[in-house]
Amino acid sequence: MHTGNKGFSEAGLRRLHDVLARHVESKKIPGLVALISRGGQTHVEALGTMRHDGGPAMARDTIFRLASASKPVTMAATMVLLDECRLRLDDLIEQWLPELADRRVLTSVDAPLDNTVPARRPITVRDLLTSTFGLGMDMTALGTPLMGAIFEQAIFPARMTDYPEPDEWMRRLGQLPLMYQPGERWQYHISHDVLGILVARVTGQSFGTFLRERILDPLGMKDTGFHVSARDVDRLPPSYAPDAQTGEFIVWDEADGGQYSQPPAFQSGGSGLVTTVDDYHTYFRMLLNGGMHGTERILSRPAVALMTTNHLTPEQQAARDAMARNNVHLSFGQGQHGGWGFGMAVRTYRGDYAPIGQFGWDGGMGTSAYADPHNQLAGILLTQVGMSVPDPARAIHDFWTTVYQALDD
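Attention here is on the structure that accompanies the text.

## A short note on the pattern of salt bridges
Okay, so step 1: Throughout the structure, instances matching the rule amount to 20 salt bridges.
Okay, so step 2: Between Asp 232 and Arg 235 there is a salt bridge whose closest N-O contact spans 3.1 Å. Of the two residues, Asp 232 and Arg 235, both sit in the buried class.
Okay, so step 3: Between Arg 347 and Asp 352 there is a salt bridge; the shortest N-O distance is 3.0 Å.
Okay, so step 4: In this structure Arg 347 comes out as buried when scored by relative accessible area, which is 8%.
Okay, so step 5: What emerges from the salt-bridge pattern is a single network uniting Asp 61, Asp 223, Arg 231, Asp 232 and Arg 235.

Written as structure tokens, this is what we have:
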């Protein structure tokens, strides 16, 4: 193992800057903020502008919509409840989420919604934590009746403001069959939204309130939450979903009066958070420190180990690998890490410059955050360009390549 006193080379940091600057100068990424840290050394790049047509410069305190990069942070709320024995890994969730009792399971992925068999067993907390409870955003099943229902019912809405209230969301989810038997298959995203509701029902607080009291406030993550106040809205850039054919910048969400300008009806654990590069870095440093923030313990060391260990069986792993590799035209190469812990990917093979054991996740808004225990390294890249085009994924790949080539030992 490395002693952790090494940082980054000067030449390596220059290359990191030059490669990121090239992405901004290409006009494909209006602006970005990146942070890397190692061995007490922290390096930040804030490049370009907040809007594609100019305007204020990106800054270290710019606020970004995390999209799916919310998942690693929101998972910590559930881990607190495990640490305190208010939840157990193999508790049945139906005592808190009766909407998910007595599940029916589709006879095949593309079967009509009423073509079902009974679930072989109830859903457990562990199934939610590992994203294997039987439902998820399955890009290999687009066009099936169940995926159609997930979109129509706003289980996975196009906009954050299209979510119903949590109890209504659970009611709609409870009317759908599962796609797979509980514990059978890894499926993306939906379990994280369910976990937010589980936390709220176990604690008697809103998910956001519990997350703030137990994770965000103790870490000093004052710029992280489910919406941006009017006072801070000028620090939030618009987010773009460029036209896949022409590359034209289409605004997906404007800052002022947009989807994040008011407290949401539904606090989405899967994709709802906004943050800054320093806030997110604080969270990943806590994970690298085994749950400690300064002298304060946020999570137990075993809780962090559990979150950052691969939980997929070989069969589940094969399905996740196939999904990552065969959707490369949709994910632009993102997601090819191997395994999955709780709320984040865990590298189980060396497929690029990052070593086995690296953990973290990306977001469809062009956000990426990972930590690497072997090198005691954390890195975060934040843009607001959606993955409707390959450009943010290319920027993320180049960021990680240049982070690793900059290691000075």
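Text resumes after the structure shown.
## Considering unusual backbone geometry
Okay, so step 1: Look at Ser 131: it is not a glycine, yet its phi comes out positive at around 60°.
Okay, so step 2: Assignment of secondary structure puts Ser 131 in the loop between helix H3 (125-129) and helix H4 (145-152).

## Thoughts on the side chain of Gln 259
Okay, so step 1: Locating Gln 259 in the fold gives a position in the loop between strand S8 (251-253) and strand S9 (274-275).
Okay, so step 2: Within the structure, Gln 259 has its side chain in polar contact with the backbone nitrogen of Met 160 (distance 2.8 Å).
Okay, so step 3: In this view, Gln 259 contacts Arg 159, Met 160, Thr 161, Trp 252, Asp 253 and Glu 254; residues no more than four positions away in its chain are not counted.

## Points about the side chain of Thr 116
Okay, so step 1: Mapped onto the fold, Thr 116 is located in strand S6 (residues 116-118).
Okay, so step 2: Engagement of the side chain of Thr 116 in a polar contact is seen with the side chain of Arg 104, the distance being 3.0 Å.
Okay, so step 3: Here Thr 116 is in contact with Arg 104, Val 105, Leu 106, Thr 107 and Pro 177, once residues within four sequence places are set aside.

## Some details on the packing of helix H2 (residues 71-83) against helix H6 (residues 190-203)
Okay, so step 1: Viewed as axis vectors pointing N to C, H2 and H6 meet at an angle of 35°, and their least axial separation amounts to 10 Å. Considering the relative orientation of H2 and H6, their crossing is left-handed. The segment H2 lies against H6, with Lys 71, Met 75, Ala 77, Thr 78 and Leu 81 engaging His 192, Leu 195, Val 199, Val 202 and Thr 203.
Okay, so step 2: Here the residues of the contact of H2 with H6 sort into 6 nonpolar, 3 polar and 1 charged.

## Some words on the pairing of strand S15 (residues 367-372)
Okay, so step 1: Within S15, 6 of the 6 residues are buried, which leaves the element mostly enclosed by the surrounding structure.
Okay, so step 2: Of the two faces of S15, both are covered, the one formed by Thr 367, Ala 369 and Ala 371 as well as the one formed by Ser 368, Tyr 370 and Asp 372.
Okay, so step 3: Summarising the sheet, strand S14 (residues 359-363) and S15 pair through 5 bridges and their orientation is antiparallel. Within S15, the residue paired with Trp 361 across the bridge is Ala 369.
Okay, so step 4: Linking two consecutive strands that pair antiparallel, namely S14 and S15, is a turn of 3 residues; a positive phi of about 85° is found at Gly 366 within it.
Okay, so step 5: Linking two consecutive strands that pair antiparallel, namely S15 and strand S16 (residues 377-382), is a turn of 4 residues; a positive phi of about 50° is found at Gln 376 within it.

## Topic: the environment of Thr 74
Okay, so step 1: One can find Thr 74 in helix H2.
Okay, so step 2: In sequence terms Thr 74 and Leu 129 are 55 residues apart; their C-alpha atoms lie 11 Å from each other.
Okay, so step 3: Every residue in contact with Thr 74, bar those within four places of it in the chain, is listed here: Phe 207, Leu 211, Gly 269 and Leu 273.
Okay, so step 4: Separated by 2.8 Å, the side chain of Thr 74 and the backbone oxygen of Gly 269 make a polar contact.

## A few points about the pairing of S14
Along any regular strand, the residues point their side chains to alternate faces of the sheet.
Okay, so step 1: Of all 5 residues in S14, 5 are buried, a share of seventy percent or more.
Okay, so step 2: Residue alternation in S14 divides its side chains into two sets, Phe 359, Trp 361 and Gly 363 and Gly 360 and Asp 362, and both sets are buried.
Okay, so step 3: Note: strand S13 (residues 345-347) against S14, 2 bridges, orientation antiparallel. For Ala 345, the partnering residue across the bridge sits in S14 and is Gly 360.

## Describing the environment of Gln 267
Okay, so step 1: Structurally, Gln 267 can be placed in the loop between S8 and S9.
Okay, so step 2: Separated by 99 residues in the primary sequence, Gln 267 and Glu 168 have C-alpha atoms spaced 13 Å apart.
Okay, so step 3: The residues contacting Gln 267, other than those within four sequence positions of it, are Ser 206, Phe 207, Gly 208 and Phe 226.
Okay, so step 4: Polar side-chain contacts of Gln 267 include one of 2.7 Å to the backbone nitrogen of Gly 208.

Conventions used here
- Residues numbered from 1 in each chain as written.
- Predicted model: local features only at pLDDT ≥ 70, side-chain atom pairs only at ≥ 80, totals over all residues.
- Heavy atoms only, no water.
- Salt bridge = Lys/Arg side-chain N within 4 Å of Asp/Glu carboxyl O.
- Buried < 20%, exposed > 50% of the residue type's maximum accessible area, 1.4 Å probe, protein only.
- Helix = DSSP H or I, 4+ residues; strand = E, 2+ residues; numbered from the N terminus.
- Polar contact = N/O pair within 3.5 Å; in protein donor to acceptor, adjacent residues only side chain to side chain.
- Contact = heavy atoms within 4.5 Å.
- Axes fitted to C-alpha atoms, helices over the stretch in contact; angles between N-to-C directions.
- Left-handed = near helix turned anticlockwise from the far one by under 90°.
- Nonpolar A, V, L, I, M, F, W, Y, C, P; charged D, E, K, R; others polar.
- Pairing = 2+ DSSP bridges.

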